[in-house]
Amino acid sequence: MKKSTRIGLILAIILVAALAALAEWLVIRDDDITKNPNGLITSVKMGGAFNLIDHKGNTVTEKNFLGNYVLVFFGYTFCPDVCPTALADVALVLDELGRDSMAVTPIMITIDPKRDKPDVLSEYITLFHDRIIGLTGTEKQIKEVAEKYRVFYRRVDDQEYSFYLMDHTSFIYLVDPKGTVISLFRYGTPPSEIADTIRKHMKG
Amino acid sequence: MFLKILFSFIMIAFIHSSAVASEFQLGNLTISDPWSRATSSHQMSGVVYLRILNSGNQTDRLIKAVSIHSEKVTLHDMILDGDIMKMQSIKNGVEIPANSEVELKPGAKHIMLMGLKRRLDRGQTVSVTLHFQHAGMTEIKALVFDAGSRGPKGKNLKGNMPGNNSKNGHKSH
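Residues numbered from 1 in each chain as written. Chains lettered and ligands numbered in written order. Predicted model: local features only at pLDDT ≥ 70, side-chain atom pairs only at ≥ 80, totals over all residues. Heavy atoms only, no water.

### Some details on the overall build of chain A
Check the secondary structure of chain A and you find 5 helices and 11 strands. Across the 204 residues in chain A, those meeting the buried criterion constitute 50%. In chain A, the proportion of contacts linking residues at least 24 apart, taken out of those at least 6 apart, comes to 70%. Carbon and sulfur atoms form 58% of the exposed surface of chain A, whose accessible area is close to 9800 Å². (Helix = DSSP H or I, 4+ residues; strand = E, 2+ residues; numbered from the N terminus. Buried < 20%, exposed > 50% of the residue type's maximum accessible area, 1.4 Å probe, protein only. Contact = heavy atoms within 4.5 Å. Areas by Shrake-Rupley, 256 points an atom, 1.4 Å probe, with all protein chains shown as cover.)

Here you go:
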């Protein structure tokens with residue numbers, strides 16, 4: 001084998017390994033998740049600083065939400081099936097919590113910032129609950145926050161129509177008042193279960 | 001006077017029941033409880049769910065749907081690939097096996113209205129023409145429920161019924 005071929009081969013192997021590592025880093029794997037009485041927890045560090053725009057057009061960062069529990073989930077308004085169900089679930093969690101719900105801020109972060117401008121988000125989220133906050137931003141800002149929450153999302157085009165859909169991971173994240181992700185909930189977790197978990201954390 | 005009131009009650013009942021007919025018959029197929037979800041004015045997509053009972057001895061397929069309310073209607077399935085949600089077009093139609101019922105419901109197979117022409121409001125109906133491989137075609141009218149409704153049989157959501165304002169801050173339009 002020529003020396004240059006060998007170097008090329010080694011570089012290719014390194015590249016493939018690096019891409020595989022990146023792909024693994026980008027999403028939460030089942031192995032990373034364990035279930036305990038306080039919901040699903042993960043050893044993977046998630047969350048942190050972000051810079052986004054809320055549905056009223058104001059710039060917001062993670063600091064705006066410190067001091068309250070935060071329920072974070074990712075979605076997009078073009079999605080007619082799953083996202084409305086998830087939003088309705090979050091509204092039900094707030095109902096279940098009753099007065100305790102004032103200590104919880106629900107946030108939907110769009111993974112479709114191209115279409116989900118603040119006014120679009122605003123009218124959409126208020127269909128579900130007047131306390132839900134919608135966040136959008138530039139494509140770069142959304143990519144950054146999605147990476148921090150290990151959210152996978154991808155635009156999907158279909159030859160059949162001119163519109164596009166998005167594939168995306170569907171966790172709901174519970175963030176504590178200090179800004180740390182403390183629990184995950186899978187799509188379909190009953191709202192009463194989410195509310196119970198939040199109550200347990202509140203009691204500490 | 002009394003007769004007049006009675007008559008108007010009967011008329012209201014009649015109009016109401018005809019407006020929200022929940023069963024549509026097409027040959028051996030019975031399409032029940034079609035329903036949809038309210039949208040915002042910016043939303044470009046809507047959804048229709050229903051149940052299809054095939055009481056015949058031959059498998060049928062829902063192969064196509066069209067509606068005056070949107071540019072395009074597609075048959076979609078929500079698939080969970082690990083924790084990633086994917087929407088997939090159902091290329092060969094929705095199979096309705098003989099002597100069985102198939103339900104299109106949230107988080108599963110659904111009819112998607114793409115490129116909504118106008119906002120869908122709670123209480124209105126959405127006309128959709130369904131095309132079946134064997135039974136032919138028929139127009140159904142889906143009743144629009146709240147944006148986050150689980151449908152006519154939904155137990156979880158308060159203020160589920162059209163016209164019933166919930167305390168959830170659901171906006172009445």
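What follows picks up the thread again.
### Regarding the interface of chain B and chain A
How big an interface is tends to be expressed through the accessible area that disappears when the partners come together. Listed by partner, the interface residues are 46 residues for chain B and 39 residues for chain A. Summed over both partners, the interface of chain B with chain A comes to about 3600 Å²; 57% of that surface belongs to carbon and sulfur atoms. On the surface where chain B and chain A come into contact, there are 3 salt bridges. Where chain B touches chain A, the interface holds 13 residue pairs in polar contact (both at pLDDT 80 or more). (Buried area = accessible area lost by both parts, 1.4 Å probe. Salt bridge = Lys/Arg side-chain N within 4 Å of Asp/Glu carboxyl O. Polar contact = N/O pair within 3.5 Å; in protein donor to acceptor, adjacent residues only side chain to side chain.)

### Describing unusual backbone geometry
With a phi angle near 55°, Arg150 of chain A is a residue other than glycine that sits in the positive phi range. Inspection of the secondary structure assignment puts Arg150 of chain A in the loop between helix 4 (139-148) and strand 8 (153-157). Phi at Asn99 of chain B is positive, roughly 50°, even though this residue is not glycine. Examined against the element boundaries, Asn99 of chain B turns out to sit in the loop between strand 7 (94-96) and strand 8 (100-104).

### Some words on the nonpolar core
Membership of the largest hydrophobic core comes to 62 residues, with the highest contact counts inside it found for Leu71, Phe74, Ile109, Tyr149 and Tyr173 of chain A. Considering each element in turn, this core owes the most residues, 7 residues, to helix 2 (residues 82-97) of chain A. Counting residues in each nonpolar core, the second largest holds 28 residues, with Leu50, Leu62, Val102 and Leu120 of chain B among its members. (Core = buried A, V, L, I, M, F, W, Y, C linked by side-chain atoms within 4.5 Å.)

### Notes on the state of the cysteines
All names here are of chain A. This model, assessed by the stated rule, comprises 1 disulfide over all chains. Two residues share a disulfide in this structure: Cys79 and Cys83, whose sulfurs sit 2.4 Å from each other. Residues Cys79 and Cys83 share a disulfide whose torsion about the S-S bond is about 110°; that sign makes it right-handed. A relative accessible area of 2% places Cys79 in the buried class. (Disulfide = S-S within 2.5 Å.)

### Describing helix 2 of chain A
Residues and elements named next belong to chain A. Between its first and last C-alpha, helix 2 extends 23 Å over 16 residues, near the 22 Å set by a 1.5 Å rise per residue. Of all 16 residues that make up helix 2, 15 are buried, and the element is covered over most of its length. Trailing helix 2 by a residue or two, Gly98 shows a phi angle of about 55°, which is positive. (Expected span 1.5 Å × (residues − 1).)

### What about the pairing of strand 1 (residues 23-26) of chain B?
Residues and elements named next belong to chain B. Only one face of strand 1 is covered, namely the face carrying Phe24 and Leu26; the face carrying Glu23 and Gln25 is uncovered. In this structure, strand 1 lies alongside strand 2 (residues 29-37), joined through 4 bridges in antiparallel fashion. Residue Gln25 lies in a different strand from strand 2, and its bridge partner there is Thr30. Linking two consecutive strands that pair antiparallel, namely strand 1 and strand 2, is a turn of 2 residues; a positive phi of about 60° is found at Gly27 within it. (Pairing = 2+ DSSP bridges.)

Such coordinate-based values are descriptive only and should not be taken to indicate function.
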